[in-house]
Amino acid sequence: MPAPTGADGARLPLREDLRGLEPYGAPQLDVPVVLNVNENPYPPSPAVVEEIAAAVRTAAGGLNRYPDREFEALRADLAAYLLAESGVALDVRQVWAANGSNEVMLHLLQAFGGPGRTAVSFAPTYSMYPEYARDTATAWVVGRRAEDFSLDPDHAAAVIAEHQPSVVLLASPNNPTGTALPRATVEVVLEAADAVPGGCVVVVDEAYGEFRRAGTPAALELLAEHPNLAVSRTMSKAFGMAGARIGYLAAAPALVDALRVVRLPYHLSAVTQAVARAALAHAGELMAQVAGLREERDATVAWLRAQGWRVADSDANFVLFGRFDDRHAVWQGLLDRGVLIREVGPPGWLRVSIGTPEEMAAFREALLAVTR
Ligand code: PMP
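Residues numbered from 1 in each chain as written. Predicted model: local features only at pLDDT ≥ 70, side-chain atom pairs only at ≥ 80, totals over all residues.

Regarding the overall build of the chain
At step 1: Assigned secondary structure in the chain consists of 12 helices and 12 strands.
At step 2: A globule of 372 residues ought to have a C-alpha radius of gyration of about 21 Å, and the chain, at 21 Å, matches this closely.
At step 3: Taken over the C-alpha atoms alone, the chain extends approximately 55 × 55 × 55 Å along its principal axes.
At step 4: A burial count over the chain gives 44% of its 372 residues as buried.
At step 5: Of the contacts made within the chain by residues no fewer than 6 positions apart, 72% connect residues no fewer than 24 positions apart. (Helix = DSSP H or I, 4+ residues; strand = E, 2+ residues; numbered from the N terminus. Rg over C-alpha atoms; globule rule 2.2 N^0.38 Å. Buried ≥ 20, exposed ≤ 12 C-beta atoms within 10 Å, placed from the backbone. Contact = placed C-beta atoms within 7 Å.)

Here it is as structure tokens:
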């Protein structure tokens with residue numbers, strides 16, 4: 001669908017800075033092998049589907065009423081999940097949720113960004129970040145990641161000192177590169193944020209946190225010491241619940257209270273809450289495939305390197321590889337063979353999400369056919 005800027009759109013009072021823009025999103029194509037938006041390739045089991053359906057049926061009986069605006073039962077379930085996953089104990093008041101972590105982060109920018117304020121991140125990174133800034137009229141400053149996609153702590157601190165942002169967005173593992181941040185780097189960023197006179201919230205976006213390799217820390221462990229840290233997570237990736245639209249966040253109670261001010265009332269529907277709670281009750285089963293996906297990821301990295309490609313180290317469920325003189329031709333060649341990947345990242349690179357072993361075999365075969 002075209003953006004509303006055609007002949008009719010010209011008469012709409014569309015904001016100046018939105019004119020001519022296209023809606024964000026990867027192509028939605030119906031092909032046999034879909035490896036382009038970092039989904040979990042495994043649907044919920046029939047047993048979990050039944051549990052979710054039963055929870056929705058119960059919720060449906062009360063749909064004449066608005067849902068629980070504070071969704072404290074869901075927040076408690078999320079806190080219990082984070083305790084089990086990362087060993088970090090959180091109070092219900094430290095947990096927030098919304099329709100995908102995209103909405104969680106938009107809440108953050110609504111509360112802590114805004115006109116006259118600046119948000120900072122380091123590219124290449126998740127391409128929605130500048131859109132949260134744009135949509136909240138927050139100035140956007142982008143620093144850089146190193147050649148190997150790591151973040152130089154001195155550079156990060158210098159950008160923060162120069163631009164005095166009120167929000168810093170760090171994806172770890174980073175999309176589209178897969179790079180996780182060492183704890184020391186996050187600590188340097190937090191220190192630089194503490195030195196911003198007006199205060200600065202540091203958002204560590206751990207959408208892919210559950211895929212991290214052994215030894216890679218979760219930023220959740222830093223929460224107790226840092227009231228300006230927000231750790232964003234999602235049920236879209238490791239949980240395999242992208243269709244349910246549930247993202248969440250852990251932070252100090254005062255930070256969460258600020259998000260409660262900007263959220264729309266009843267933003268999480270009763271159906272969403274029921275689905276999320278039923279899924280969390282079966283977290284073990286839904287996450288059973290995560291170890292296999294990690295192995296498949298490591299095997300994909302090794303295979304691509306063995307073919308001679310450059311491959312970024314990945315702590316996520318996708319792999320960035322290259323470099324291709326004409327990456328669009330490679331992307332198109334794969335698509336012609338029924339394999340949809342993502343044309344994203346620095347020039348010459350492509351990103352493939354980790355699918356089932358069969359899907360990855362189809363990807364390898366198609367890539368060889370296109371490039372050899
Ligand atoms: N953060 C990162 C780094 C992502 O890659 C994505 C999804 N691609 C999101 C956040 C948002 O995911 P969701 O809204 O489904 O939680």
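Quick notes on the UniProt feature "domain: Aminotransferase class I/classII large" (unreviewed entry) in the chain
At step 1: According to UniProt, the "domain: Aminotransferase class I/classII large" (unreviewed entry) feature falls on residues 33-367.
At step 2: Between the end C-alpha atoms of residues 33-367 the distance is 13 Å, and the span holds 41% helix and 16% strand. (UniProt positions renumbered as here; feature names shortened; annotations may be inferred.)

Side note on the UniProt feature "modified residue: N6-(pyridoxal phosphate)lysine" (unreviewed entry) in the chain
At step 1: When the UniProt feature table is mapped onto this chain numbering, "modified residue: N6-(pyridoxal phosphate)lysine" (unreviewed entry) sits at Lys 237.
At step 2: Counting through the fold element by element, Lys 237 comes out in the loop between strand E7 (229-234) and strand E8 (247-251).
At step 3: Excluding anything up to four places from it in sequence, Lys 237 contacts Asn 38, Asn 40, Ala 207, Tyr 208 and Asn 317.

Some words on the nonpolar core
At step 1: Ranked by internal contacts, the top residues of the largest apolar core, which has 104 residues, are Leu 108, Val 168, Val 202 and Val 203.
At step 2: For this core, the domains that each give at least three residues are domain 1 (9-43 + 288-371) and domain 2 (48-285).
At step 3: Setting aside residues no more than four positions away along its own chain, Leu 108 makes contact with Val 167, Val 201, Val 203, Ala 230 and Leu 259. (Core = buried A, V, L, I, M, F, W, Y, C linked by C-beta atoms within 7 Å. Domains from an automatic or database assignment.)

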